[in-house]
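# Observations on the three-dimensional arrangement
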Amino acid sequence: MAEIRKDPITGRWVIIAVDRSQRPSDFVHNQSVQNDGSCPFCVGAEDKTPPEIVALRPQDTQANKPGWKVRVVPNKFPALKIEGELEKHGVGLYDVMHGVGAHEVIVETPDHSLGMADLEVSNIADILEMYKNRLLDLSKDPRFKYILIFKNHGYEAGATLAHTHSQVIATPVTPINIKSELHGAREYFLMKDRCLFCDIIRQELMFGKDRVAIENELFIVLAPFASRFPFEFCILPKKHAHNYTSISEEEKWALADILKALLTRMKDVLNDPSYNFILHTSPRAEGPARPGYWQTLPYDFHWHIEIIPRLTRTAGFEWGTGFYINPTAPEEAAKYIRQWEIKKKEMNYMA
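Residues numbered from 1 in each chain as written. Predicted model: local features only at pLDDT ≥ 70, side-chain atom pairs only at ≥ 80, totals over all residues. Heavy atoms only, no water.

### Quick notes on helix α4 (residues 249-269)
The end-to-end C-alpha separation of α4 is 30 Å, in line with the 30 Å expected for 21 residues at 1.5 Å each. The set of residues buried in α4 consists of Glu251, Lys252, Ala254, Leu255, Ala256, Ile258, Leu259, Leu262, Leu263, Arg265, Met266 and Val269. Just past α4, the residue Asn271 takes up positive phi, approximately 60°. (Helix = DSSP H or I, 4+ residues; strand = E, 2+ residues; numbered from the N terminus. Expected span 1.5 Å × (residues − 1). Buried < 20%, exposed > 50% of the residue type's maximum accessible area, 1.4 Å probe, protein only.)

See below:
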(Lines give C-alpha, C1' and ligand atoms only; values in the text may rest on other atoms or scores of the structure.)
Protein backbone atom coordinates (compact mmCIF):
# COMPACT_ATOMS: atom_id res chain seq x y z
CA MET A 1 0.00 0.00 0.00
CA ALA A 2 1.11 3.55 -0.70
CA GLU A 3 2.02 5.84 2.19
CA ILE A 4 1.07 9.49 2.69
CA ARG A 5 3.73 11.61 4.38
CA LYS A 6 3.58 15.23 5.55
CA ASP A 7 6.40 17.70 4.99
CA PRO A 8 6.73 19.37 8.43
CA ILE A 9 8.23 22.52 6.89
CA THR A 10 5.61 23.38 4.23
CA GLY A 11 2.63 21.32 5.44
CA ARG A 12 2.47 19.63 2.03
CA TRP A 13 1.37 16.00 1.90
CA VAL A 14 3.18 13.62 -0.46
CA ILE A 15 2.02 10.20 -1.70
CA ILE A 16 4.83 7.63 -1.76
CA ALA A 17 3.46 5.13 -4.31
CA VAL A 18 6.25 2.88 -5.54
CA ASP A 19 3.88 0.58 -7.46
CA ARG A 20 3.09 3.45 -9.85
CA SER A 21 6.52 2.98 -11.45
CA GLN A 22 5.16 -0.15 -13.12
CA ARG A 23 2.63 1.74 -15.24
CA PRO A 24 2.88 1.01 -18.96
CA SER A 25 3.10 3.81 -21.53
CA ASP A 26 2.27 3.90 -25.21
CA PHE A 27 3.79 7.36 -25.73
CA VAL A 28 7.14 7.86 -27.40
CA HIS A 29 7.16 11.66 -27.02
CA ASN A 30 4.71 12.02 -29.90
CA GLN A 31 1.25 13.41 -29.37
CA SER A 32 -0.99 11.00 -31.27
CA VAL A 33 -0.57 7.26 -31.06
CA GLN A 34 -2.35 4.79 -33.33
CA ASN A 35 -4.06 1.92 -31.59
CA ASP A 36 -2.10 -1.30 -32.10
CA GLY A 37 -4.74 -3.42 -30.39
CA SER A 38 -3.16 -3.22 -26.93
CA CYS A 39 -5.08 -0.21 -25.58
CA PRO A 40 -7.04 -1.24 -22.45
CA PHE A 41 -9.52 1.62 -22.87
CA CYS A 42 -10.76 0.68 -26.32
CA VAL A 43 -14.10 -0.92 -27.03
CA GLY A 44 -13.73 -4.70 -26.98
CA ALA A 45 -10.90 -4.55 -24.43
CA GLU A 46 -13.11 -4.23 -21.36
CA ASP A 47 -11.49 -7.32 -19.82
CA LYS A 48 -8.12 -5.49 -19.73
CA THR A 49 -9.33 -3.10 -17.01
CA PRO A 50 -10.68 -3.76 -13.53
CA PRO A 51 -14.50 -4.21 -13.51
CA GLU A 52 -16.33 -0.98 -14.27
CA ILE A 53 -17.72 1.11 -11.43
CA VAL A 54 -20.37 2.79 -13.55
CA ALA A 55 -20.91 3.38 -17.25
CA LEU A 56 -23.18 5.33 -19.52
CA ARG A 57 -24.58 2.62 -21.77
CA PRO A 58 -27.91 1.47 -23.26
CA GLN A 59 -29.97 -0.69 -20.90
CA ASP A 60 -29.77 -3.69 -23.22
CA THR A 61 -25.96 -3.88 -22.92
CA GLN A 62 -24.05 -5.73 -20.23
CA ALA A 63 -21.53 -4.29 -17.79
CA ASN A 64 -17.90 -4.78 -18.85
CA LYS A 65 -18.99 -5.41 -22.44
CA PRO A 66 -19.07 -3.19 -25.55
CA GLY A 67 -21.88 -0.68 -26.03
CA TRP A 68 -20.79 2.00 -23.53
CA LYS A 69 -20.41 5.72 -24.23
CA VAL A 70 -18.51 6.75 -21.07
CA ARG A 71 -16.98 4.20 -18.72
CA VAL A 72 -15.51 4.52 -15.21
CA VAL A 73 -13.07 1.92 -13.89
CA PRO A 74 -10.65 1.75 -10.96
CA ASN A 75 -7.13 2.77 -11.93
CA LYS A 76 -5.11 -0.41 -12.39
CA PHE A 77 -2.09 1.33 -10.84
CA PRO A 78 -3.72 3.56 -8.20
CA ALA A 79 -1.94 6.31 -6.33
CA LEU A 80 -4.30 5.59 -3.43
CA LYS A 81 -6.38 2.47 -2.68
CA ILE A 82 -9.93 2.46 -1.40
CA GLU A 83 -9.40 -0.53 0.92
CA GLY A 84 -8.21 -0.06 4.48
CA GLU A 85 -8.09 2.56 7.20
CA LEU A 86 -5.88 5.63 7.45
CA GLU A 87 -4.20 4.70 10.76
CA LYS A 88 -2.54 8.07 11.21
CA HIS A 89 0.64 7.83 13.25
CA GLY A 90 3.88 9.60 13.98
CA VAL A 91 7.43 8.58 13.13
CA GLY A 92 9.39 10.88 15.41
CA LEU A 93 8.38 14.40 14.35
CA TYR A 94 6.91 13.18 11.04
CA ASP A 95 3.22 12.53 10.33
CA VAL A 96 2.30 9.47 8.28
CA MET A 97 -0.88 7.67 7.23
CA HIS A 98 -1.77 4.76 4.99
CA GLY A 99 -2.41 5.55 1.34
CA VAL A 100 -6.18 5.25 1.56
CA GLY A 101 -8.30 7.07 -1.01
CA ALA A 102 -9.80 6.39 -4.40
CA HIS A 103 -8.31 6.52 -7.87
CA GLU A 104 -10.59 6.09 -10.88
CA VAL A 105 -10.32 6.51 -14.64
CA ILE A 106 -13.14 8.02 -16.72
CA VAL A 107 -12.77 6.68 -20.26
CA GLU A 108 -14.40 9.44 -22.28
CA THR A 109 -15.19 7.66 -25.54
CA PRO A 110 -14.84 4.19 -27.09
CA ASP A 111 -13.06 5.78 -30.08
CA HIS A 112 -9.28 5.67 -29.67
CA SER A 113 -8.68 8.25 -32.40
CA LEU A 114 -10.60 11.13 -30.80
CA GLY A 115 -9.47 13.66 -28.23
CA MET A 116 -11.88 15.67 -26.10
CA ALA A 117 -11.61 18.55 -28.59
CA ASP A 118 -12.86 16.21 -31.34
CA LEU A 119 -15.94 15.00 -29.48
CA GLU A 120 -19.45 16.28 -30.13
CA VAL A 121 -20.93 18.65 -27.55
CA SER A 122 -23.36 15.89 -26.53
CA ASN A 123 -20.44 13.55 -25.80
CA ILE A 124 -18.73 16.20 -23.67
CA ALA A 125 -22.02 16.75 -21.81
CA ASP A 126 -22.04 13.02 -20.98
CA ILE A 127 -18.52 13.29 -19.57
CA LEU A 128 -19.48 16.32 -17.47
CA GLU A 129 -22.47 14.38 -16.11
CA MET A 130 -20.12 11.56 -15.14
CA TYR A 131 -17.92 14.06 -13.28
CA LYS A 132 -20.96 15.00 -11.20
CA ASN A 133 -21.79 11.32 -10.63
CA ARG A 134 -18.33 10.53 -9.28
CA LEU A 135 -18.18 13.59 -7.02
CA LEU A 136 -21.55 12.78 -5.49
CA ASP A 137 -20.73 9.11 -5.02
CA LEU A 138 -17.25 9.50 -3.54
CA SER A 139 -18.30 12.36 -1.25
CA LYS A 140 -20.38 9.84 0.71
CA ASP A 141 -17.20 8.20 2.05
CA PRO A 142 -16.30 9.85 5.39
CA ARG A 143 -12.60 9.04 4.90
CA PHE A 144 -12.25 11.44 1.96
CA LYS A 145 -11.68 15.17 2.46
CA TYR A 146 -11.17 16.20 -1.15
CA ILE A 147 -12.02 14.83 -4.60
CA LEU A 148 -10.06 16.10 -7.59
CA ILE A 149 -11.06 15.50 -11.19
CA PHE A 150 -8.32 16.14 -13.72
CA LYS A 151 -7.18 15.28 -17.21
CA ASN A 152 -3.68 14.86 -18.60
CA HIS A 153 -3.70 15.25 -22.38
CA GLY A 154 -0.47 14.34 -24.11
CA TYR A 155 2.92 13.09 -23.06
CA GLU A 156 4.24 16.43 -21.74
CA ALA A 157 1.17 16.73 -19.50
CA GLY A 158 1.82 13.37 -17.85
CA ALA A 159 -0.47 11.04 -19.80
CA THR A 160 0.80 7.49 -20.19
CA LEU A 161 -2.02 6.23 -22.42
CA ALA A 162 -3.11 8.07 -25.55
CA HIS A 163 -6.80 7.08 -25.37
CA THR A 164 -8.58 10.18 -24.06
CA HIS A 165 -9.55 9.89 -20.42
CA SER A 166 -9.95 11.85 -17.20
CA GLN A 167 -9.03 10.74 -13.70
CA VAL A 168 -10.56 11.06 -10.24
CA ILE A 169 -8.51 10.95 -7.05
CA ALA A 170 -10.12 11.22 -3.61
CA THR A 171 -7.69 12.13 -0.84
CA PRO A 172 -7.94 11.89 2.97
CA VAL A 173 -6.48 15.41 3.31
CA THR A 174 -7.22 18.72 1.59
CA PRO A 175 -4.32 19.36 -0.83
CA ILE A 176 -2.19 22.43 -0.15
CA ASN A 177 -3.02 24.11 -3.50
CA ILE A 178 -6.73 23.78 -2.77
CA LYS A 179 -6.23 25.12 0.75
CA SER A 180 -4.49 28.15 -0.70
CA GLU A 181 -7.45 28.94 -2.97
CA LEU A 182 -9.95 28.29 -0.19
CA HIS A 183 -8.06 30.53 2.20
CA GLY A 184 -7.81 33.40 -0.31
CA ALA A 185 -11.50 33.15 -1.15
CA ARG A 186 -12.49 32.99 2.55
CA GLU A 187 -10.38 36.01 3.49
CA TYR A 188 -11.86 38.08 0.67
CA PHE A 189 -15.40 37.07 1.59
CA LEU A 190 -14.89 37.90 5.26
CA MET A 191 -13.46 41.29 4.31
CA LYS A 192 -15.99 42.33 1.65
CA ASP A 193 -18.95 39.97 2.09
CA ARG A 194 -18.69 39.09 -1.61
CA CYS A 195 -17.31 36.20 -3.62
CA LEU A 196 -13.83 36.96 -4.98
CA PHE A 197 -14.44 34.98 -8.16
CA CYS A 198 -17.75 36.76 -8.83
CA ASP A 199 -15.98 40.11 -8.45
CA ILE A 200 -13.27 39.01 -10.89
CA ILE A 201 -15.92 38.03 -13.45
CA ARG A 202 -17.73 41.34 -13.03
CA GLN A 203 -14.53 43.35 -13.41
CA GLU A 204 -13.34 41.47 -16.48
CA LEU A 205 -16.71 41.99 -18.17
CA MET A 206 -16.89 45.67 -17.23
CA PHE A 207 -13.41 46.84 -18.20
CA GLY A 208 -12.66 46.05 -21.83
CA LYS A 209 -12.88 42.25 -21.75
CA ASP A 210 -9.16 42.11 -22.63
CA ARG A 211 -8.72 38.81 -20.81
CA VAL A 212 -12.05 37.27 -21.87
CA ALA A 213 -11.32 34.55 -24.42
CA ILE A 214 -14.84 33.16 -24.91
CA GLU A 215 -18.19 33.57 -23.17
CA ASN A 216 -21.74 32.38 -23.50
CA GLU A 217 -24.84 33.13 -21.46
CA LEU A 218 -23.82 30.98 -18.49
CA PHE A 219 -20.01 30.60 -18.60
CA ILE A 220 -16.90 32.66 -19.20
CA VAL A 221 -13.35 31.69 -20.21
CA LEU A 222 -10.71 34.02 -18.74
CA ALA A 223 -6.97 34.25 -19.13
CA PRO A 224 -6.11 34.95 -15.46
CA PHE A 225 -4.64 38.39 -14.75
CA ALA A 226 -1.54 36.77 -13.22
CA SER A 227 -1.37 33.76 -15.54
CA ARG A 228 1.48 31.42 -14.63
CA PHE A 229 1.76 29.81 -18.05
CA PRO A 230 1.22 30.82 -21.71
CA PHE A 231 -2.41 30.34 -22.75
CA GLU A 232 -3.53 29.36 -19.26
CA PHE A 233 -7.33 29.63 -19.06
CA CYS A 234 -9.99 29.41 -16.39
CA ILE A 235 -13.63 28.49 -17.06
CA LEU A 236 -16.11 29.82 -14.51
CA PRO A 237 -19.90 29.77 -14.20
CA LYS A 238 -21.24 33.33 -14.31
CA LYS A 239 -23.82 32.44 -11.67
CA HIS A 240 -22.27 31.85 -8.27
CA ALA A 241 -21.92 28.20 -7.24
CA HIS A 242 -19.39 26.78 -4.79
CA ASN A 243 -19.75 23.10 -5.70
CA TYR A 244 -19.73 21.53 -9.15
CA THR A 245 -22.38 19.01 -8.12
CA SER A 246 -24.99 21.80 -8.17
CA ILE A 247 -24.64 22.14 -11.96
CA SER A 248 -28.01 22.11 -13.71
CA GLU A 249 -28.90 20.42 -16.98
CA GLU A 250 -28.87 23.78 -18.79
CA GLU A 251 -25.51 24.68 -17.26
CA LYS A 252 -24.05 21.29 -18.17
CA TRP A 253 -24.84 21.84 -21.87
CA ALA A 254 -23.56 25.42 -21.78
CA LEU A 255 -20.32 24.23 -20.18
CA ALA A 256 -19.96 21.44 -22.77
CA ASP A 257 -20.43 23.99 -25.53
CA ILE A 258 -17.83 26.45 -24.24
CA LEU A 259 -15.38 23.67 -23.37
CA LYS A 260 -15.67 22.32 -26.92
CA ALA A 261 -15.07 25.83 -28.32
CA LEU A 262 -11.99 26.43 -26.14
CA LEU A 263 -10.35 23.05 -26.74
CA THR A 264 -11.00 23.23 -30.48
CA ARG A 265 -9.41 26.67 -30.73
CA MET A 266 -6.47 25.61 -28.57
CA LYS A 267 -5.94 22.61 -30.84
CA ASP A 268 -5.93 24.84 -33.92
CA VAL A 269 -3.97 27.77 -32.50
CA LEU A 270 -1.38 25.81 -30.52
CA ASN A 271 -1.12 22.71 -32.75
CA ASP A 272 -2.85 20.26 -30.39
CA PRO A 273 -0.73 20.93 -27.30
CA SER A 274 -0.39 18.72 -24.29
CA TYR A 275 -2.45 20.22 -21.48
CA ASN A 276 -3.68 19.67 -17.95
CA PHE A 277 -7.36 20.11 -17.12
CA ILE A 278 -8.25 20.52 -13.44
CA LEU A 279 -11.67 20.89 -11.82
CA HIS A 280 -11.56 22.81 -8.53
CA THR A 281 -14.73 22.48 -6.49
CA SER A 282 -15.42 22.97 -2.80
CA PRO A 283 -14.03 20.19 -0.57
CA ARG A 284 -17.33 18.51 0.10
CA ALA A 285 -20.75 18.21 -1.49
CA GLU A 286 -23.87 19.42 0.29
CA GLY A 287 -24.58 17.48 3.45
CA PRO A 288 -23.99 17.42 7.20
CA ALA A 289 -20.75 18.89 8.52
CA ARG A 290 -18.07 16.41 9.57
CA PRO A 291 -15.48 17.17 12.28
CA GLY A 292 -12.08 18.16 10.95
CA TYR A 293 -13.28 19.00 7.44
CA TRP A 294 -12.96 22.39 5.82
CA GLN A 295 -16.43 23.90 6.08
CA THR A 296 -16.89 25.84 2.86
CA LEU A 297 -19.54 28.50 3.12
CA PRO A 298 -21.96 28.56 0.17
CA TYR A 299 -20.74 32.04 -0.79
CA ASP A 300 -16.98 32.10 -0.24
CA PHE A 301 -15.82 29.76 -3.02
CA HIS A 302 -16.65 29.46 -6.72
CA TRP A 303 -15.99 26.23 -8.61
CA HIS A 304 -13.95 26.51 -11.79
CA ILE A 305 -11.91 24.59 -14.34
CA GLU A 306 -8.25 25.39 -15.00
CA ILE A 307 -6.74 24.46 -18.37
CA ILE A 308 -2.96 24.73 -18.69
CA PRO A 309 -1.21 23.98 -22.01
CA ARG A 310 2.30 22.59 -21.52
CA LEU A 311 4.12 25.01 -23.82
CA THR A 312 7.00 25.86 -21.50
CA ARG A 313 8.94 23.93 -18.90
CA THR A 314 9.06 24.75 -15.22
CA ALA A 315 12.71 25.44 -14.41
CA GLY A 316 14.92 26.15 -11.41
CA PHE A 317 13.70 29.66 -10.66
CA GLU A 318 10.06 28.54 -10.57
CA TRP A 319 10.79 25.46 -8.47
CA GLY A 320 12.98 27.46 -6.11
CA THR A 321 10.63 30.37 -5.59
CA GLY A 322 7.12 29.49 -6.74
CA PHE A 323 7.52 32.68 -8.81
CA TYR A 324 6.51 31.96 -12.42
CA ILE A 325 7.88 33.55 -15.59
CA ASN A 326 5.23 33.70 -18.33
CA PRO A 327 6.45 34.83 -21.80
CA THR A 328 2.89 35.40 -23.12
CA ALA A 329 0.70 38.13 -21.68
CA PRO A 330 -2.78 36.83 -20.77
CA GLU A 331 -4.30 39.68 -22.79
CA GLU A 332 -2.54 38.40 -25.93
CA ALA A 333 -3.52 34.80 -25.24
CA ALA A 334 -7.18 35.74 -24.80
CA LYS A 335 -7.12 37.91 -27.92
CA TYR A 336 -5.63 35.12 -30.01
CA ILE A 337 -8.29 32.62 -28.91
CA ARG A 338 -11.07 35.21 -29.19
CA GLN A 339 -10.16 36.20 -32.75
CA TRP A 340 -9.26 32.76 -34.05
CA GLU A 341 -12.64 32.06 -35.63
CA ILE A 342 -12.40 35.32 -37.59
CA LYS A 343 -8.86 34.54 -38.76
CA LYS A 344 -9.84 31.00 -39.68
CA LYS A 345 -12.73 32.21 -41.83
CA GLU A 346 -10.42 34.73 -43.54
CA MET A 347 -7.86 32.03 -44.34
CA ASN A 348 -10.53 29.68 -45.69
CA TYR A 349 -11.89 32.52 -47.85
CA MET A 350 -8.43 33.31 -49.25
CA ALA A 351 -7.79 29.61 -49.92
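### Things to note about the sheet that holds strand β11 (residues 219-222)
Within a sheet, each strand pairs with its neighbour through backbone hydrogen bonds, oriented either parallel or antiparallel. As summarised here, the arrangement of the 10 strands in space is β3-β4-β7-β9-β8-β13-β14-β12-β11-β10, forming an open sheet in which the pairing is antiparallel. Bordering the open sheet on either side are β3 (54-56) and β10 (212-215), each of which pairs with just one other strand. Going across the sheet, the axis of each strand differs from the next one's by a mean of 20°, ignoring polarity. Pairing of strand β8 (residues 146-153) with strand β13 (residues 275-280) involves five bridges; the strand directions are antiparallel. Opposite Asn152, over in β13, you have Asn276 as the bridge partner. (Pairing = 2+ DSSP bridges. Axes fitted to C-alpha atoms, helices over the stretch in contact; angles between N-to-C directions.)

### Looking at the pattern of salt bridges
One pass over the full model with this rule turns up 19 salt bridges. Note that Glu232 and Arg228 form a salt bridge whose closest N and O atoms lie 2.9 Å from each other. Residue classification places Glu232 among the buried positions, given a relative accessible area of 6%. Accessibility expressed as a relative area gives 28% for Arg228, which makes it partly exposed. The partner of Arg228 in a salt bridge is Glu306, and the shortest N-O contact between them spans 3.4 Å. Taken as a pair, Arg228 in the loop between β11 and β12 (233-237) and Glu306 in strand β14 (residues 304-309) lie far apart in primary sequence, 78 residues in all. Looking at Glu306, the relative accessible area reads 11%, which means it is buried. Counted as one network, the salt bridges with shared partners bring together Glu52, Arg57 and Arg71. (Salt bridge = Lys/Arg side-chain N within 4 Å of Asp/Glu carboxyl O.)

### What about a nonpolar patch on the surface?
On the surface, Val14, Ile16 and Val18 cluster together into a nonpolar patch covering about 240 Å² of accessible area. Among the secondary structure elements, Val18 is positioned in the loop between β2 (13-16) and β3. Overall, the relative accessible area of 61% leaves Val18 in the exposed class. (Patch = residues over 30% accessible without salt bridge, like charges linked within 9 Å, V, L, I, M, F, W, Y side chains within 5 Å. Areas by Shrake-Rupley, 256 points an atom, 1.4 Å probe, with all protein chains shown as cover.)

### Concerning the sheet that holds β2
Read from one edge of the open sheet, four strands run β2-β1-β6-β5, paired in antiparallel fashion. If you trace the sheet from one side to the other, it starts and ends with β2 and β5 (89-91), each paired once. Strand after strand, the sheet turns through a mean of 35° between neighbouring axes, direction not considered. Alignment of β5 against strand β6 (residues 94-98), held across three bridges, turns out to be antiparallel.

### Quick look at the confidence of the model for the protein
Across the protein, the average pLDDT comes to 90, with 89% of residues at 70 or higher. Overall, residues 285-294 carries pLDDT values under 50, and its contacts beyond four positions in sequence, including any with other chains, amount to 21 contacts. (pLDDT = per-residue confidence, 0-100. Contact = heavy atoms within 4.5 Å.)

### Side note on the environment of Leu56
Tracing the backbone shows Leu56 in strand β3. As for Leu56 and Val70, which are separated by 14 residues in sequence, their C-alpha atoms are 5.1 Å apart. In this view, Leu56 contacts Trp68, Lys69, Val70, Asp126 and Met130; residues no more than four positions away in its chain are not counted.

### Comments concerning the packing of aromatic side chains
Applying the stated criterion across every chain, the model contains eight aromatic pairs. Their ring planes at 55° and their centres at 6.2 Å tell us that Tyr131 and Phe277 sit as a pair that is tilted. Of this pair, Tyr131 sits in helix α1 (residues 121-138) while Phe277 sits in strand β13, and the two are 146 residues apart along the sequence. (Phe/Tyr/Trp six-rings, centres within 6.5 Å; stacked < 30°, edge-to-face > 60°.)

### Quick notes on the nonpolar core
In this structure, Phe233, Ile235, Leu255 and Ile307 are the most contacted members of the largest nonpolar core, which totals 52 residues. Considering every element that reaches this core, the biggest residue donor is α4, with nine residues. With residues near it in sequence (within four places) discarded, Ile307 still touches Phe231, Glu232, Phe233, Ile235, Leu259, Leu262, Leu263, Met266, Tyr275, Asn276 and Phe277. Judged by nonpolar contacts, the second largest core, of 14 residues, contains Tyr146, Leu182, Ala185 and Cys198. (Core = buried A, V, L, I, M, F, W, Y, C linked by side-chain atoms within 4.5 Å.)

### Considering α1
The terminal C-alpha atoms of α1 lie 26 Å apart, and with 18 residues this matches the ideal 26 Å at 1.5 Å per residue to within 8%. Among all positions in α1, only Ile124, Ala125, Ile127, Leu128, Met130, Tyr131, Lys132, Arg134, Leu135 and Leu138 are buried.

### Considerations on the state of the cysteines
Scanning the entire structure with this criterion turns up zero disulfides. In this structure Cys195 is not part of a disulfide, and its nearest cysteine sulfur, from Cys198, lies 3.7 Å away. (Disulfide = S-S within 2.5 Å.)

### Considerations on the pairing of strand β9 (residues 165-171)
Taken across its seven residues, β9 has seven buried, putting it largely inside the fold. Of the two faces of β9, the one lined by His165, Gln167, Ile169 and Thr171 and the one lined by Ser166, Val168 and Ala170 are each fully buried. Here six bridges tie strand β7 (residues 102-107) to β9, and the two strands are oriented antiparallel to one another. By the bridge assignment, Ala102 is partnered in β9 with Ala170. Where β8 lies against β9, five bridges are found, and the strand directions are antiparallel. Within β9, the position partnered with Ile149 by the bridge is Val168.

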